Structures are given as structure tokens and as C-alpha cells.
Amino acid sequence: MDTGKELLFFFSALGAFNGVILGIYFFFFTKKKYLTNYFLGALLFALSIRIAKSVFVYFHPELPKMYLQFGLTACFFIGPCLYYFLKSAVEEINIMPKSWKFSLLFWGTLIVAAGILYPYEYYPELWRGYFIKIIYFQWFVYIVFSAFAINGIIKKIVNRKEKTTPSEMWFGMLFLGNFLLFLFYFLAIMGAPGATYISGAVVFSFILYLIISILLYRKKTDDLFLLNAQKISGKKIDSAEAIIISEKLENIMNDKSLYKNPNLNLQDLSKEINISSHQLSQFLNNNLGKNFTSFVNEFRINEACKIITSSDKLTLESVGYDVGFNSKSTFFAAFKKHTGTTPLNYQLQALQT
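Residues numbered from 1 in each chain as written. Predicted model: local features only at pLDDT ≥ 70, side-chain atom pairs only at ≥ 80, totals over all residues. Heavy atoms only, no water.

Quick question: what am I supposed to make of the overall build of the chain here?
Within the chain, the secondary structure is distributed over 15 helices and zero strands. Per-residue burial for the chain yields a buried fraction of 46% across its 353 residues. Here the analysis covers contacts within the chain between residues at least 6 apart in sequence; of these, 71% occur between residues at least 24 apart. Approximately 18,400 Å² of the chain is accessible, and the part contributed by carbon and sulfur atoms is 63%. (Helix = DSSP H or I, 4+ residues; strand = E, 2+ residues; numbered from the N terminus. Buried < 20%, exposed > 50% of the residue type's maximum accessible area, 1.4 Å probe, protein only. Contact = heavy atoms within 4.5 Å. Areas by Shrake-Rupley, 256 points an atom, 1.4 Å probe, with all protein chains shown as cover.)

It is not clear to me how the environment of Trp100 should be interpreted in this structure. Could you clarify?
Note on placement: Trp100 falls in helix 4 (residues 98-117). Taking the C-alpha atoms as reference, Trp100 lies 7.8 Å from Tyr84; in sequence the two are 16 residues apart. Once you skip the residues sitting within four places of it in the chain, Trp100 turns out to touch Leu35, Phe39, Tyr84, Lys87, Ser88 and Ile93.

Hey, could you run me through the packing of helix 6 (residues 151-159) against helix 7 (residues 166-189) in this one?
Between two packed helices, the angle of one axis relative to the other and the distance separating the axes together describe the packing. At a minimum axis separation of 10 Å, helix 6 and helix 7 run at an interaxial angle of 100°. Taken together, the axis directions place helix 6 and helix 7 in an arrangement best described as roughly perpendicular. Contact residues: Ile153, Ile154, Lys156 and Ile157 in helix 6; Glu168, Met169, Gly172 and Phe175 in helix 7. For the contact of helix 6 with helix 7, the residue count by class is five nonpolar, one polar and two charged. (Axes fitted to C-alpha atoms, helices over the stretch in contact; angles between N-to-C directions. Parallel < 35°, antiparallel > 145°, perpendicular 65-115°, else oblique. Nonpolar A, V, L, I, M, F, W, Y, C, P; charged D, E, K, R; others polar.)

What's the story with the packing of helix 9 (residues 239-256) against helix 12 (residues 292-310) in this structure? I'm lost.
Helix 12 packs onto helix 9 with a crossing angle of 50° between their chain directions and a minimal axis gap of 11 Å. One element, helix 9, and the other, helix 12, form an angle in the oblique class. Crossing of helix 9 against helix 12: the hand is right-handed. Residue-level inspection shows Leu249, Glu250, Met253 and Asn254 of helix 9 in contact with helix 12, the latter providing Phe295, Val296 and Phe299. Its residues placed into classes, the contact of helix 9 with helix 12 shows five nonpolar, one polar and one charged. (Left-handed = near helix turned anticlockwise from the far one by under 90°.)

Help me understand the nonpolar core, please; the structure alone is not making it clear to me.
Nonpolar side chains in soluble globular proteins tend to be buried together. Ranked by size, the top nonpolar core spans 46 residues in total, and within it Leu40, Phe85, Tyr136 and Trp139 carry the most contacts. For this core, the secondary structure elements donating two or more residues are helix 2 (35-59), helix 3 (66-90), helix 4, helix 5 (124-149) and helix 7. A per-element tally of this core places helix 3 first, with 13 residues. Once you skip the residues sitting within four places of it in the chain, Trp139 turns out to touch Cys75, Ile78, Gly79, Phe182 and Tyr185. (Core = buried A, V, L, I, M, F, W, Y, C linked by side-chain atoms within 4.5 Å.)

Honestly, unusual backbone geometry in this entry has me stumped. Any pointers?
Trans peptide bonds make up the majority, and among non-glycine residues the majority have a negative phi. A positive phi angle, close to 50°, is found at Ser257, a residue other than glycine. Relative to the helices and strands, Ser257 is located in the loop between helix 9 and helix 10 (266-272). Residue Ser257 is classed as partly exposed on the basis of its relative accessible area, which comes to 23%. Despite not being glycine, Asn274 has its phi angle at roughly 60°, a positive value. Looking at the element boundaries, Asn274 is found in the loop between helix 10 and helix 11 (277-288). Look at Asn274 and you get exposed, because its relative accessible area is 66%.

How do you make sense of the pattern of salt bridges when you look at a structure like this?
For side chains of opposite charge, pairing can occur when their charged atoms come near one another. Enumeration over the complete set of coordinates arrives at three salt bridges. In this structure, the salt-bridge partner of Glu272 is Lys256, at a minimum N-O distance of 3.0 Å. With Glu272 in helix 10 and Lys256 in helix 9, this pair connects stretches of sequence that are 16 residues apart. (Salt bridge = Lys/Arg side-chain N within 4 Å of Asp/Glu carboxyl O.)

Hey, could you run me through the confidence of the model for the chain in this one?
For residues with low pLDDT, the predicted coordinates do not support detailed interpretation. When pLDDT is averaged across the chain, the result is 78; 73% of the residues are at 70 or more. Element-level pLDDT for the chain is lowest in helix 8 (residues 197-217), with a mean of 60, against a maximum mean of 90 in helix 4. Taken as a whole, residues 229-233 scores under 50 in pLDDT and shows 12 contacts with residues more than four places along the chain or in a different chain. (pLDDT = per-residue confidence, 0-100.)

Rendered as C-alpha cells:
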């Protein structure tokens, strides 16, 4: 290789290596263990494997075909990890829903089974034809889902009518970077002029170093990981306004039973009471001392307690779904957190009285 290609190889390969290191950091070494951190770490792992494959195969095409299979296999997890990363941030999800686990298990089982039954080494045409189309279609679908998950943030960044917070810019940047990465790889597959696999690796490296620079030079990074936990200087909303917001929340939650919607998020609730999501987040965090999830779960648990004490015909799992939880494990964990006991013990105590 000439000097230019050597520098390009070094820059791209280093980006993939640093992606793995940064993925390990988000998995194991961040001070606050948010679910978003774990999905971001998994996303960086998957992207780094995909990038490393592109780099080494581009500069050393004689390498074993197994490298190609590893790279394409990693693509199956980029889309889901991106979507769950953004979804968990927007909706403040800290316990992984059962549906997410099943989804990841499904994709993992599917791609591993395909790799064992039809290895790239013996079925290269199958991988280059059908498999790669399925992989990139799945990736694209999850990018669309991700766009809907942060639709409000994207509009805010594009319109510039409201000032964006550091966390909103952070998540918007990560989404845009993943979209550009997909676009470059897709154009390369379609044979677009000037589009090569190595261009995707270069884009990834630039984005990665931008992320690293933000982490290194920001004195505070906790506000980057949660969209709705913005405790700006711990400032409370004044008492008169706080009373109005509290009454609006109480009325709207009870009258419309909004808590029964398992997909309810901060943005939806703020629109219902005609205030900004930032103002609602500030009120919940600084005036009430709780985050959005805890606030909504209190209504869900109170309703669940009423149902459990009034009827023993429903299963505890169905009660959880009725009041707005999207999984049994999430319901049981929230119930114990708010009442200090399990739903079953609560039911037994109710029957004895």
C-alpha cells in the first residue's frame, strides 16, 4: 500500500478498535448504569465489528470469507440496538421489556442458524444476494423506527424554534451518524459512483472521535444520557405555578387514565397539559423529586392495588397489563418499589382482611 492508503487504513482500523474500547466503557465503567448506556455499548460493538470487516476486507481481500460473515452478522444488531437505545432514553426505560429480549433473541437465533446452515465460505452467492438484502432491509426498518422514536427531537433540531439541550443534540447526532453510515454502505452495495465500503468506515471514525471529544472535554456528561432527567442547577418551579401544574397533572391522569397507555412518554404528557417537556421534567425532578417513569408508575400501582383488593378473579400479570405496564417483570419490580411488597403478598394480605 502507498502512504495515502496506509494512513486511511490506520485511521479506519483505529476507529474500529476505539469503538470496541468505548463500547466496553459504556457497558462497564459509566458511573450511572442506565439502560441507554448498555444499548449504546452494544451498538458500538456491532458497528465496530462491521467497520473492522469493511476495513480489513477492503485492504486485504484475500482474507478468509469468515470475516465477511462476521461483519454481516453484526449488521443484524445495529438497527435493534440503535432503536432500543433511543427508545429507552426517550421513555426513561431502565428495565428491559420482555418484548425487547424476545426480539434480540429472535434476531440472534436467526442469524446464527443461517450462519451455521449456510456459511459464507460455501454459499457466497446466497449471502451476497438474499441475505444481504434482508440484513439491510432490517437495518433500514429500525432506522425508520428510531426516527419515529425521537421525532420530537428531530423536529426541534431542524426547526430551531426552541433551544435544544445537550442531551437532545447528543441523541440527534448519534441518530444522524448511524443514518449516514447506513446510507454510505447502501450506496456502496448499489454500486453508486464514488461510494465504497471504506467510506462508511471513515464516516464511523469521524463520528466516533467526535463522541470521544465530547466525553473528554465536557466537565459533566450525565446530562447526555437521559433526555428527561434534566436538573438544571436544581432550580424549582415557583410554588404558584407548581400548584397549577400539579392540579393539571392530577386531573388529566385520572380523568383520561393516561397511565394505562404503556407507550406514554414525557412529550405526550406535556402536550396534554400544554407545557413544554423541559418544564414538565423540571417540575417532576426538582419539585417532586422523581422522574417521569416513577411519577406515572405511582398512578399505575395505585390503580393496581384497587383492582387487586376489589377482585381476585384476574391474574396478577393481567392486572399489570391493564394498568399500563408492558411486561410482568416491569410491573412486579415497580410494585415492590412503590409498596415494599410483591403483588402476590399484597393480594394475600387483602384477602385476609
